[in-house]
Amino acid sequence: MTPKHEKQEFVTVLVRDPRIQKEDSWHSYIDYEIFIHTNSICFTRKTSCVRRRYREFVWLRQRLQSNAVLIQLPELPSKTPFFNMNNPNHVDHRRQGLQEFLGKILQDALLLSDSRLHLFLQTQLSPEDMEACVSGQTKYSVADAIHSFASLNRRFPIEDEERKKGKNDADSDSESSSSGLGPSDDSISCGCKASPASEEP
């Protein structure tokens, strides 16, 4: 029998707020906000918010599958030539599929042990930078990358309070951006907002 004071672990993941981003004058893509709220010891940050595009989800699934060959990973929503980013139904169908994919991934303890998953969910590093970090080719660790991204993109009152307590580390923000952990593009300032776990996207 478990003690009453022990809380059950939970991970809430929301994929929401699809936005069209211009890649250049000819190409556009949609990215999605991924909001995580958890009390799980598996996560470095208990609340986080990043933006990812579909092809980054494809990369994540491929990497997770190559590292866990005995696990049947859930499928991503299929990439169709008829997908229209200006059609709200198409966009929402994909958003729902991406959320279901992450929801299933986050229920598997083996997949939760993969550092790429945590970098994907809690930093804005590119797939190339995530690979470099995981393979030890960067000056920063996985935890450093996650903490640095959180300090550069504060959106949550609890984390603001933590920051006020440790305000003596003011120089760490500028150092982290020079180490390749700073924002890579304008889409990072996504205006992520804290949400109750029960909020529907």
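Just so you know, these numbers come straight off a predicted model, no measurement behind them.

Another point: the packing of aromatic side chains. Taken as a whole, this structure holds 1 aromatic pair when the rule is applied. Taking 5.1 Å as the distance between ring centres and 75 degrees as the angle between the ring planes, the aromatic pair formed by phenylalanine 57 and phenylalanine 120 counts as edge-to-face. With phenylalanine 57 in helix H1 (residues 54–67) and phenylalanine 120 in helix H4 (residues 115–122), this residue pair connects regions lying 63 residues apart in the sequence. Accessibility expressed as a relative area gives 0% for phenylalanine 120, which makes it buried. Here the basic side chain of arginine 94 rests over the ring of tyrosine 54, its NZ or CZ set 4.1 Å away from the ring centre. The residue whose ring lies beneath arginine 94 is phenylalanine 83, and the NZ or CZ to ring-centre distance is 3.9 Å.

Throughout the structure, instances matching the rule amount to 13 salt bridges. Here glutamate 33 and arginine 16 are joined by a salt bridge, their closest N and O atoms 2.4 Å apart. With glutamate 33 in strand S2 (residues 28–38) and arginine 16 in strand S1 (residues 11–22), the pair connects residues that are 17 residues apart, well separated along the chain. Like arginine 16, glutamate 33 is buried. Close ionic contact of arginine 51 with glutamate 33 constitutes a salt bridge, the shortest N to O distance being 4.0 Å. Placement of arginine 51 in strand S3 (residues 47–53) and of glutamate 33 in strand S2 is noted, with a sequence separation of 18 residues between them. When its relative accessible area of 0% is taken as the criterion, glutamate 33 is described as buried. Several salt bridges converge on common partners, so that one network encompasses Arg16, Asp17, Arg19, Asp31, Glu33 and Arg51.

Now for the nonpolar core. Ranked by internal contacts, the top residues of the largest apolar core, which has 37 residues, are Ile34, Leu102 and Leu121. Once residues within four sequence positions are removed from consideration, isoleucine 34 is found in contact with Val13, Leu14, Val15, Ser48, Cys49, Val50, Arg52, Phe57, Leu102, Phe120 and Leu121.

Another aspect to go through is the environment of valine 58. Tracing the sequence through the fold places valine 58 in helix H1. With relative accessibility at 26%, the residue valine 58 sits in the partly exposed group.

On to the sheet that holds S1. One open sheet holds the 3 strands; their spatial order is S1-S2-S3, and the pairing between them is antiparallel. Of all strands in the sheet, those bounded by a partner on one side alone are S1 and S3. Each neighbouring strand pair of the sheet contributes to a mean axis angle of 20 degrees, computed without reference to strand direction. Summarising the sheet, S2 and S3 pair through 7 bridges and their orientation is antiparallel. Looking across to S3, one finds that isoleucine 36 is bridged to serine 48.

Attention shifts here to the environment of histidine 37. Position of histidine 37 among the secondary structure elements: in strand S2. Residues histidine 37 and threonine 47, spaced 10 residues apart in sequence, show a C-alpha to C-alpha distance of 4.5 Å. In this structure the side chain of histidine 37 is engaged in a polar contact, spanning 3.4 Å, whose partner is the side chain of threonine 47.

Further remarks concern the side chain of glutamine 122. Relative to the elements of secondary structure, glutamine 122 occurs in helix H4. Assessed through its relative accessible area of 1%, glutamine 122 is described here as buried. Within the structure, glutamine 122 has its side chain in polar contact with the backbone oxygen of arginine 45 (distance 2.8 Å). Setting aside its immediate chain neighbours within four residues, glutamine 122 contacts Phe43, Thr44, Arg45, Ser48, Val50, Ile146 and Phe149.

Attention shifts here to helix H5 (residues 127–134). Here H5 has its buried residues at Pro127, Met130, Ala132 and Cys133. Here the buried face of H5 lies against S3, H1, H4 and helix H6 (142–152). Just past H5, the residue glycine 136 takes up positive phi, approximately 75 degrees.

Thresholds applied
- Residues numbered from 1 in each chain as written.
- Predicted model: local features only at pLDDT ≥ 70, side-chain atom pairs only at ≥ 80, totals over all residues.
- Heavy atoms only, no water.
- Phe/Tyr/Trp six-rings, centres within 6.5 Å; stacked < 30°, edge-to-face > 60°.
- Helix = DSSP H or I, 4+ residues; strand = E, 2+ residues; numbered from the N terminus.
- Buried < 20%, exposed > 50% of the residue type's maximum accessible area, 1.4 Å probe, protein only.
- Lys NZ or Arg CZ within 6 Å of the ring centre and 35° of its normal.
- Salt bridge = Lys/Arg side-chain N within 4 Å of Asp/Glu carboxyl O.
- Core = buried A, V, L, I, M, F, W, Y, C linked by side-chain atoms within 4.5 Å.
- Contact = heavy atoms within 4.5 Å.
- Pairing = 2+ DSSP bridges.
- Axes fitted to C-alpha atoms, helices over the stretch in contact; angles between N-to-C directions.
- Polar contact = N/O pair within 3.5 Å; in protein donor to acceptor, adjacent residues only side chain to side chain.

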